[in-house]
Amino acid sequence: MEPVWFKPDLAEEIMKKDDIFEQTQSVITDIVSGRLDITNLVENMAGVLTNKDVESRERGMKFFTKILKEIPKDYLTEIQIKFISKFYIDRLKDNHRVIPSVIEGYLSLVDMKNYNIQYSGEYFTVLFREVPCQSQVRQDRYNIYLTIQKILEMDAQYMKTLGPDFVYGLISSMDGERDPRNLLFLFNFLPKFLSQIPLGHLVEEMFEVISCYYPIDFHPSPSDPAAVSRDELARALRPCLCARQDFADHCLVLLIEKLDSSLRVAKLDSLMLLAESCKTFKPESYGPFLKTLWSSIQREISHKTDDELKLAAHEALSALVASLASATDDSLENFLRSVLVAMQTAVAEATTVARFTEASRTLLTVANASERSCEMITKSMIPAVVAYYEFKTSVKLQLASLEFLGDLFEVAAHWGVTESLSAQTDDIPQLCLTAVSSPLKEYQLAGFKTLIRVKSALKIDLVLPFVEILMHNIQYSPDDELLGISVETVHAIARMYPELIMSIVVKGKCDLDNLTQDRSALQKRLNLLSNLASIDDFTKIIIEQMLKAITTDEAFNVVKALNASMSNSSLYSDDKVAQIESDHGLIDSILTWLLKEMENSTPIASDDGYDLVSNTIASLPEEKQMQILSRHTTGILEKCANDAYFQVLECLYRSVHRSVYNSHFEGIMSLALRLALDSELEVVRGKACCLVAHFLNKAENSQKFELMYEMLKSYLSSRSRDDVDLCPRLIYLYGWICKALLLRGSDLFQFWLNKIVISISNPECSRAGSEAIRCIVSDLPGSLSARQHCRQSLLYKQRLFQAFAALSERITPPSDKEFYYATWAYVLHQTPKSILKNEISKIVPLAIDALEYDNKDSLIVMIDLLTHFVQVNNDFVAQSLQTILPRLISLTTYPKSMDVRIKSLQCLYEIANCCATRQLLAYKQDTLLALAPALDDRKRRVRSMAVKARTRWFLVGAPGETKQN
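Note that this is a predicted model, so its numbers are computed, not measured.

Digging into the overall build of the chain
From N to C terminus, the chain includes 52 helices and zero strands. For the chain, the C-alpha radius of gyration of 38 Å lies well beyond 30 Å, the compact-globule estimate for 965 residues. Principal-axis analysis of the C-alpha atoms gives the chain an extent of 110 × 80 × 70 Å. Looking at the 965 residues of the chain, the share that counts as buried comes to 54%. Counted over contacts in the chain with a minimum sequence separation of 6, partners at least 24 positions apart contribute 72%. Total accessible area computed for the chain in this model is approximately 43300 Å², and 49% of it derives from carbon and sulfur atoms. Looking at the chain, you have 105 positive and 123 negative side-chain charges, and the mean spots of the two groups are 3 Å apart.

With respect to the nonpolar core
Of all hydrophobic cores here, the largest spans 346 residues; its most connected members are Phe193, Met206, Ile210 and Phe466. In terms of residues, this core owes the most to one element, helix H40 (residues 726-743), which gives twelve residues. Residue contacts for phenylalanine 193: discarding those within four places in its chain leaves Leu152, Met159, Phe166, Leu170, Leu199 and Met206.

Some points on unusual backbone geometry
For the bond running from tyrosine 214 to proline 215, omega is -10 degrees, close enough to zero to count as cis. Positive phi outside glycine occurs at leucine 784, with the angle close to 50 degrees. Assignment of secondary structure puts leucine 784 in the loop between helix H42 (766-777) and helix H43 (796-808). Of the residues examined, leucine 784 reaches a relative accessible area of 4% and is grouped as buried. The phi dihedral of histidine 789 is positive, around 65 degrees, even though this residue is not glycine. Tracing the backbone through its elements, the reader meets histidine 789 in the loop between H42 and H43.

Notes on the side chain of serine 897
Within the element layout of this structure, serine 897 appears in the loop between helix H49 (881-891) and helix H50 (898-914). Residue classification places serine 897 among the buried residues on the basis of a relative accessible area of 5%. Among the polar contacts listed, one links the side chain of serine 897 to the backbone nitrogen of aspartate 899, at a separation of 3.3 Å. Setting aside its immediate chain neighbours within four residues, serine 897 contacts Lys856 and Ile860.

Some remarks on the confidence of the model for the chain
Per-residue confidence for the chain gives a mean pLDDT of 88, with 92% of residues at or over 70. Counted against residues more than four places away or in other chains, residues 934-939, with its pLDDT under 50, gives 14 contacts.

Describing the layout of surface pockets
Picture a little ball the size of a water molecule; that probe, rolled over the atoms, points out where space is still empty. The volume enclosed by the largest pocket comes to roughly 440 Å³. What lines the largest pocket is a set of 19 residues, and nearest its centre among them are Gly484, Val487, Glu488, Asn531 and Leu571. Counting only elements with at least two residues in the lining of the largest pocket, the list comes to helix H27 (480-496), helix H29 (522-532) and helix H31 (555-566). Looking at the lining of the largest pocket residue by residue, the classes come out as seven nonpolar, seven polar and five charged. In this structure, the second largest pocket spans a volume of roughly 380 Å³.

Remarks on the pattern of salt bridges
Any two side chains of opposite charge can pair, so long as their charged atoms come close to each other. Applying the stated criterion across every chain yields a total of 52 salt bridges. Note that arginine 264 and aspartate 306 form a salt bridge whose closest N and O atoms lie 2.4 Å from each other. Here arginine 264, found in helix H16 (residues 264-277), pairs with aspartate 306, found in the loop between helix H17 (290-301) and helix H18 (307-324); they are 42 residues apart in sequence, far enough to count as distant. What makes arginine 264 partly exposed here is its relative accessible area of 38%. Residue classification places aspartate 306 among the buried residues on the basis of a relative accessible area of 12%. Overlapping salt bridges, with partners in common, bring together Arg57, Asp90, Arg91 and Asp94 in one network.

A few points about the state of the cysteines
Covalent bonding between the sulfur atoms of two cysteines defines a disulfide. This structure, assessed with the given rule, holds zero disulfides. The closest cysteine sulfur to the non-disulfide-bonded cysteine 212 is located on cysteine 240, 11 Å from its own sulfur. Left unpaired, cysteine 242 is separated from the closest cysteine sulfur, that of cysteine 251, by 5.4 Å. Judged by relative accessible area, cysteine 242 falls into the buried class, the value being 1%.

Quick notes on the rules
Residue positions are given per chain, counted from 1 along the sequence in the order it is written. pLDDT decides what is reported in this predicted model: residues at 70 or higher carry local features, side-chain atom pairs at 80 or more are listed and counted, and totals for whole chains, interfaces and linings draw on all residues regardless. As a rule here, side-chain values come from all non-hydrogen atoms in the structure, and water together with hydrogens is ignored. Under the scheme used here, helices are H or I runs from DSSP no shorter than 4 residues and strands are E runs no shorter than 2 residues, and both carry numbers assigned from the N terminus. Computation of the radius of gyration draws on C-alpha atoms alone. For the globule rule, the value is 2.2 Å times the number of residues to the power 0.38. Buried, partly exposed and exposed residues are distinguished by accessible area as a fraction of the type maximum, computed with a 1.4 Å probe on protein chains only: under 20%, between the cut-offs, and over 50%, respectively. The contact criterion used throughout is that any non-hydrogen atoms of two residues lie within 4.5 Å. All accessible-area figures derive from a Shrake-Rupley calculation using a 1.4 Å probe, and residue coverage is judged against the displayed protein chains alone. Only four residue types enter the charge count: Lys and Arg as positive, Asp and Glu as negative, with His and the chain ends excluded. The location of each charge is read from NZ of Lys, CZ of Arg, CG of Asp or CD of Glu. As used here, the term nonpolar core means buried Ala, Val, Leu, Ile, Met, Phe, Trp, Tyr and Cys residues forming a set that is joined through side-chain atoms within 4.5 Å. Here a polar contact means two N or O atoms within 3.5 Å. Within protein one must be a hydrogen donor candidate and the other an acceptor candidate, and residues neighboring in sequence count only if both atoms are side-chain atoms. Every residue is assigned a pLDDT by the predictor, reflecting its confidence on a scale from 0 to 100. As defined here, a cavity is a set of points on a 1 Å grid over the protein atoms alone where a 1.4 Å probe fits but cannot get out. A pocket is an open set with protein on both sides within 12 Å along at least five of seven lines, and residues line them when an atom is within 4 Å of a point. Grid points are joined across faces, edges and corners, and a volume is the space filled by probe spheres set on the points. Three residue categories are used. Nonpolar comprises Ala, Val, Leu, Ile, Met, Phe, Trp, Tyr, Cys and Pro, charged comprises Asp, Glu, Lys and Arg, and polar comprises the others, including Gly. By salt bridge we mean one thing: a side-chain nitrogen of Lys or Arg within 4 Å of a carboxyl oxygen of Asp or Glu. Here, two cysteine sulfur atoms that lie within 2.5 Å of each other are counted as a disulfide.

The structure is reproduced here in structure tokens:
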């Protein structure tokens, strides 16, 4: 028996039965198989499609549109599509209840493979004439806009032939659109439409219908789960307003008008629109408006408190100057003269660093924008700032001017105009020499920092005066900061004049043969030499001399200097370290020294030797690592009967690549597990735990990892749990195991984390459990890092927080909760705030309770969290003010930590600033008494914070309150 869709009875079935809509796939199967022609289907539906009853026609169109949406896109022929297109266009004249299905169906038709673009002209003509777009529901309006977009993407040239009537139809269809999702779609679609379709005499009308939304004034509903934000709409609207050159006058008049508005959001949007417009408008468009634009931009740049507004003004200024730079007339020069006059006056009259910095930053923004503006600004300002330095007597202003000169030089170097500015830039190194000749540290630091930035302008006649001052600092200065910058400056000069520095410094003042004659300057000179060794011209002679010195009594100092410099990746690249190892056998020399020190039972005061070996191995390719391990492992293993020798073994294996594996790994893993629990040397236990973690983290998936993991579990299961002394060591090892697994992204970490969490509930083990968690969340230098080729799961701290929070709910906190809250503090401190904001109801009570316990680290973290939550969700915190306020007030006089006192005051200030509640009034008197001691504190930060809090709470009152006199 044939289905009903083969018969005229289909019309009656559609009108009376809903289940026919569930059989559309069967209809499509018969169409695709050739048993039913789609035109015959339409004929069988004639009774419902032409029925006098509107509801029946509506059901008929819904049924056919459903067929059209579900049928394969490549099935219908062009003739069939033409027939259906004409049918749908005719239906546009039907009742408004039928229209939604027509619009939806035609959208599906446009997606058909054989759709002919020529059909769309008639469709749009009838659509715009018969269907008032803004009278339709949101989804139908969206379908209309989407159809227009698809046709544009299909053939923009054809759309141009539709002429002004089509453009007017589009303008009418979107005029008055208020739905944010539809607006976002339109704003994203319009720039492409406007850039391709002529508007004719409708330019002004099109701009008006777009600009009526500017600036965006919209606040999404808090109940909308996928709300469109105001910023999204504003960002999408901007390119629409400047999409065409013939929008230029309209757009610039509009944004200048809004720049003068008192509304902050209007100013921000206008500055961003100005920057956006520079991508499309020709430079000459701005000519009549330049004076007004500069006036408005200058006003916003000088805003005292709104950093976002200032940044937007700088970005707009930069974009405007970059656009004017391509102009063929003198508009750029005229504009820059206005900027220079205003900013030179501001610099000359600056009496504070803030005013000077504001003007200099504006000039740098302009100079950064283009090569032409850079040359004009730097040529004018460098001599002016040099003169300003000599004219001003304020230390801070002179230091600020030195920094500004460095900024100007770097901008000039970026644009490649330093050669044309040599007459101006030659004065900068001379001014730096004047600064570093001062006995004041501040001048020397500023002078050396600026010289490093302008080193290419340094002439040879000034090198010796600088080196004399630098070497005096390196030999005699006790200040670490000045020492560091002095070494960096010598390094910079050495790159410019290697032969001169080799003669004066390396073979002269820092000759290794004469180092012992000046014991007080030994380490400083070694630090300088190891720094200079990173330069190719110096590497061979310095490294050979330093490795030779390792065999002398000065070995410890030499190793310390080499490690400090070679661990600095900005000085020594991996290739450079590998070259030194290959050419000079650095690792063999250091290992020989380490083993000799142990044989002589000489105490080694630091880990510099171990770290130098480890860092050097990290820089080597796999083949070279394998050779070094093969050469040294057996001999060192034989010595490991003495636990201390394990440190040498550990530094060899800590930084190997993940692909490196040899026959010793299993034996070393067993040794490390034993020492992690049994060694009497704490440093050995720590390094053994670290190496176990490295092996677990790096082991390749499948067999190697499973072997390591089973060895670990087997060994630990054999150890007695009754040994009280063993408990802390076991828990510490669990922490390293957990961290290694977590970083490699393995879910196995939860088993070990659970053991640690359980230990926290045991008073005898709570401290050890807390420290294990601290180990997991902390970024420990020299362990489990990418530098050492370890796996690094990007979201491991989030995973830890989620797992720890879930496990904590299953345990009973100990009676003494100090370490329980400390553990939470360690976890929360390392968890991104974006994750915590979803857990406010769980975390805030923890943070409040933790304020009762005398643990500095925990207090700092918890107060910080409370301050953050006050700022993002003050309603929730306000519910607990009666508990929070007395505890915070008490902590403002916390005797053990200045940071706790400061953060307590900051939190009180934020509560007063954000929580508009009468509860605050009840605490004002108590708070005043609590803040009084802080007001007398000699530490400036506490005093400043207390004054802020006191001003907010007692003079102004909480938000929403009447001012108290």
